[in-house]
Amino acid sequence: MVWRSFWFLGMQLLGGTAGWWLGNLPGALIGVLAGSWLWLAQDSWSASRLLSWLRSSELANAPAQRGLWGEIGQRARRWLRLQSQRTQASDERLNDMLSALQASPNGVVLLDEEGRIEWCNQISNTQFGFDAARDRMQNIGNLVRDPSFSHYLHTQDFSHDLILQGRDSTPGRPVRLSVQLYPYGDGRRLLLARDVTAQEQAEAMRRDFVANVSHEIRTPLTVLVGFVETLQTLQLPDEERARYLTLMAQQSARMQHLVEDLLALSRLEGSPLPGFSQWTSVALLLRQCEDEARGLSVALTRAQNRPHVIEFPDSPPGAALGDIAGAATELQSAFSNLLANALRYTPAGGRVVVRWEKNADGSATFSVQDAGPGIDPAHLSRLTERFYRVDRSRSRDTGGTGLGLAIVKHVLQRHGATLAVRSTVGSGSVFSVTFPAQRLRQAPVLGAAETAS
Ligand code: ADP
């Protein structure tokens, strides 16, 4: 500022001295005025350069100036640089936050005070069909046409979520979304949408399962309680008493069987997947199955005294049948379940054939063919569902729990194997289990000892 005053006085003095030299006092006055004008012109020019630079707001092209305008320019440049750094940092933060919201597995929509979409992520596109560019500043009430959503928006009670159908929902493949609004800022709202289809299905399955188990247990329990009361209150002849006790034993066995199958299922769900290091001899598995099958057949056909005709592959010497990688107890239970079904559904004296066949691609198939009633194709896809039965009374009469094929399916999944069912109503069924090549091996030395023993 001092320099500026000196510069102004210096210009006046210079003009005055030149004017005095040219024309004494009047010349000096004119010279002072001319000096002042020159200073003012130069000062205005500096100011206008600075102003036009400030207007252009191009940080890099700041005019090189000295004095007051130079300092103002320098300070303005520093301030502008600081501001641009701050803006850049806040832009980066905003982008980071939007990227985080974009990465969210849930649909996220930011709404303004009027309920218009300010921003939405990609998931919300899948869920509702929102397009971040097209639907910006569109009122969400106009885009989500579900009346329950309009009501939700209208009541302004956002303390709970709302279940809506997803955009791609079809009767065959329903998609259920849990939608909730969270107010924030000055009247704005955040909409979060979560896909709860799997959760709802799991919950429905759990409810069905509990209802089924309760029902399955209640029936034999009711019968048992009835018999116990009868035995407690009535003096029955020994023969009658023995008959009641036999029926009670049957009902108890049925409950026991059910509990065992339930435990088997829960063990399968809770235990780690069987690895490739544990090998189970196919010959040994088949031999155990055969022993069990013959025993079961005798028990099932005791009344008729006509056991089934059961055929197993000839046990070749050595380990020609090879080994399967997996848990022996699980494989045994899967094979036994298939065999037990074949025997239970085949009438006394009927033929049941068990095969173990190698396939051209290196896989191998265990199959059980029966001469039972066969299964209508409409039922085939649901056979492995828990408690699914084609013929309820026949299943119960033969001691079925409705869980056998569910156990088989679980075991096979854990071993990378597949189940196929071929059936003709009236003539019987073939249940086949195919193991992939990588689950199989030939083990000549060990297998030979085992099979021979
Ligand atoms: P269950 O204990 O009732 O036999 P499963 O899960 O083993 O239960 O089988 C489910 C249903 O599939 C059975 O109720 C039966 O209707 C049908 N099923 C299974 N195996 C056979 C078979 N070999 N022949 C005819 N129907 C069968």
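Cut-offs and rules
Residues numbered from 1 in each chain as written. Predicted model: local features only at pLDDT ≥ 70, side-chain atom pairs only at ≥ 80, totals over all residues. Heavy atoms only, no water. Helix = DSSP H or I, 4+ residues; strand = E, 2+ residues; numbered from the N terminus. Buried < 20%, exposed > 50% of the residue type's maximum accessible area, 1.4 Å probe, protein only. Patch = residues over 30% accessible without salt bridge, like charges linked within 9 Å, V, L, I, M, F, W, Y side chains within 5 Å. Areas by Shrake-Rupley, 256 points an atom, 1.4 Å probe, with all protein chains shown as cover. Salt bridge = Lys/Arg side-chain N within 4 Å of Asp/Glu carboxyl O. Domains from an automatic or database assignment. Core = buried A, V, L, I, M, F, W, Y, C linked by side-chain atoms within 4.5 Å. Contact = heavy atoms within 4.5 Å. pLDDT = per-residue confidence, 0-100. Near = heavy atom within 4 Å. Polar contact = N/O pair within 3.5 Å; in protein donor to acceptor, adjacent residues only side chain to side chain. Phe/Tyr/Trp six-rings, centres within 6.5 Å; stacked < 30°, edge-to-face > 60°. Pairing = 2+ DSSP bridges. Axes fitted to C-alpha atoms, helices over the stretch in contact; angles between N-to-C directions.

Chemist: Please clarify how the side chain of His 410 should be interpreted in this entry.
Modeler: Looking at where His 410 falls in the secondary structure, it is placed in helix H12 (residues 404-414). Overall, the relative accessible area of 19% leaves His 410 in the buried class.

Chemist: Please clarify how a nonpolar patch on the surface should be interpreted in this entry.
Modeler: A cluster of nonpolar residues, Val 2, Trp 3, Phe 6 and Trp 7, forms a patch on the protein surface that exposes about 520 Å² of accessible area. Structurally, the position occupied by Phe 6 is in helix H1 (residues 2-56). By relative accessible area, Phe 6 is classed as exposed at 56%.

Chemist: Help me out: how do you make sense of the domain arrangement of the protein in this one?
Modeler: Often the size quoted for an interface is simply the accessible area lost on bringing the parts together. Here the domain parsing of the protein yields domain 1 (2-99), domain 2 (104-195), domain 3 (205-271) and domain 4 (272-453). Once you take the C-alpha centre of each, domain 2 and domain 3 turn out to be 50 Å apart.

Chemist: Quick question: what am I supposed to make of the nonpolar core here?
Modeler: Generally speaking, a soluble globular protein has its nonpolar side chains buried in company with each other. By size, the foremost hydrophobic cluster in this structure holds 44 residues, and its most contacted members are Ile 324, Trp 356, Phe 366 and Phe 435. Mapped onto this core, the elements with two or more residues apiece are helix H7 (238-270), helix H8 (282-300), helix H9 (328-345), strand S9 (351-358), strand S10 (364-369), H12 and strand S12 (428-435). Counting residues per element, this core draws most heavily on H9, at seven residues. For this core, the domains that each give at least three residues are domain 3 (205-271) and domain 4 (272-453). In contact with Phe 366, not counting residues within four places along its chain, are Leu 286, Phe 335, Leu 338, Val 354, Arg 355, Trp 356, Phe 431, Ser 432 and Val 433. One finds Leu 111, Phe 128, Ile 140 and Leu 162 within the second-largest nonpolar core, a separate group that totals 20 residues.

Chemist: Explain the confidence of the model for the protein here, please?
Modeler: One rule of thumb: low pLDDT means the predicted coordinates there are not for detailed reading. In the predicted model, the protein carries a mean pLDDT of 91, and 96% of its residues have values of at least 70. The element-level mean pLDDT for the protein is lowest in helix H13 (residues 444-452), coming to 43, with S12 highest at 98. In this model residues 445-453 is a low-confidence stretch, pLDDT under 50, and it forms 13 contacts with partners more than four residues away in sequence or in other chains.

Chemist: Just to check I follow, could you spell out unusual backbone geometry for this structure?
Modeler: Across the chain, the bulk of peptide bonds are trans and the bulk of non-glycine residues have phi less than zero. A positive phi angle, near 45°, is found at Asn 24, a position not held by glycine. Of note, Asn 24 is situated in helix H1.

Chemist: I tried to follow the site of the ligand on my own but got confused; where do I start?
Modeler: Around the ligand, a shell composed of 20 residues is seen, among which Asn 341, Tyr 345, Asp 370, Ser 395 and Leu 405 lie nearest. The separation between an oxygen atom of the ligand and a polar side-chain atom of Asn 341 is 2.8 Å. At 2.8 Å from an oxygen atom of the ligand is found a side-chain nitrogen or oxygen belonging to Tyr 345. Contact with the protein chains removes 98% of the 520 Å² of surface that the ligand exposes when unbound.

Chemist: Sorry, what's going on with the packing of aromatic side chains here?
Modeler: Between two aromatic rings, the relevant description is the distance of the centres plus the angle of the planes. Counted according to the given criterion, the structure contains eight aromatic pairs. Relative to Trp 39, the ring of Phe 8 lies with its centre 4.8 Å away and its plane at 65°, an arrangement referred to as edge-to-face. Judged by centre distance (5.0 Å) and plane angle (15°), the rings of Phe 128 and Phe 130 are stacked. Accessibility classification places Phe 128 together with Phe 130 in one group, the buried group.

Chemist: Would you take a moment to explain the pattern of salt bridges for this structure?
Modeler: Applying the stated rule across the entire model yields 17 salt bridges. Arg 188 is the salt-bridge partner of Glu 113, the closest N and O atoms lying 3.6 Å from each other. With a gap of 75 residues between them, Glu 113 in the loop between strand S1 (107-111) and strand S2 (117-120) and Arg 188 in strand S5 (residues 188-195) connect regions that are remote in the sequence. The exposure class assigned to Glu 113 is partly exposed, which follows from its relative accessible area of 39%. For Arg 188, a relative accessible area of 27% puts it in the partly exposed group. When the shortest N-O distance is used, the salt bridge between Arg 207 and Glu 203 registers 3.8 Å. With Arg 207 and Glu 203 both in helix H6 (residues 197-233) and four residues apart, the pair spans about one turn of that helix. Residue Arg 207 is classed as partly exposed on the basis of its relative accessible area, which comes to 47%. What makes Glu 203 partly exposed here is its relative accessible area of 34%. Each of Glu 113, Glu 118 and Arg 188 takes part in a single network of salt bridges with overlapping partners.

Chemist: Before we go on, may I ask you to explain the side chain of Gln 12 in this structure?
Modeler: One can find Gln 12 in helix H1. When residues no more than four places from it in sequence are discounted, the contact partners of Gln 12 are Val 32 and Ser 36.

Chemist: What is the right way to read the sheet that holds S2 from this model?
Modeler: Through backbone hydrogen bonds, the strands of a sheet pair up, either in parallel or in antiparallel fashion. Taken in spatial order, the five strands of this open sheet run S2-S1-S5-S4-S3, and their pairing is antiparallel. Because the sheet does not close on itself, it has two edges, and the strands there are S2 and strand S3 (162-165). Neighbour-to-neighbour, the strand axes of the sheet open up by a mean angle of 25°, direction not taken into account. Sheet topology places S1 next to S2; three bridges connect them, and they run antiparallel.

Chemist: Sorry if this is basic, but what is going on with the sheet that holds strand S8 (residues 323-325) here?
Modeler: Taken in spatial order, the three strands of this open sheet run S6-S8-S13, and their pairing is antiparallel. The sheet is open, and its two edges are formed by strand S6 (279-281) and strand S13 (440-441), each paired on a single side. Strand direction decides the pairing type here: S8 and S13, joined by two bridges, are antiparallel. Each bridged residue has a counterpart across the sheet, and for Asp 323 the counterpart in S13 is Arg 441. Seen against the sheet, H8 touches S6 and S8 and runs at an angle of roughly 55° to S6.

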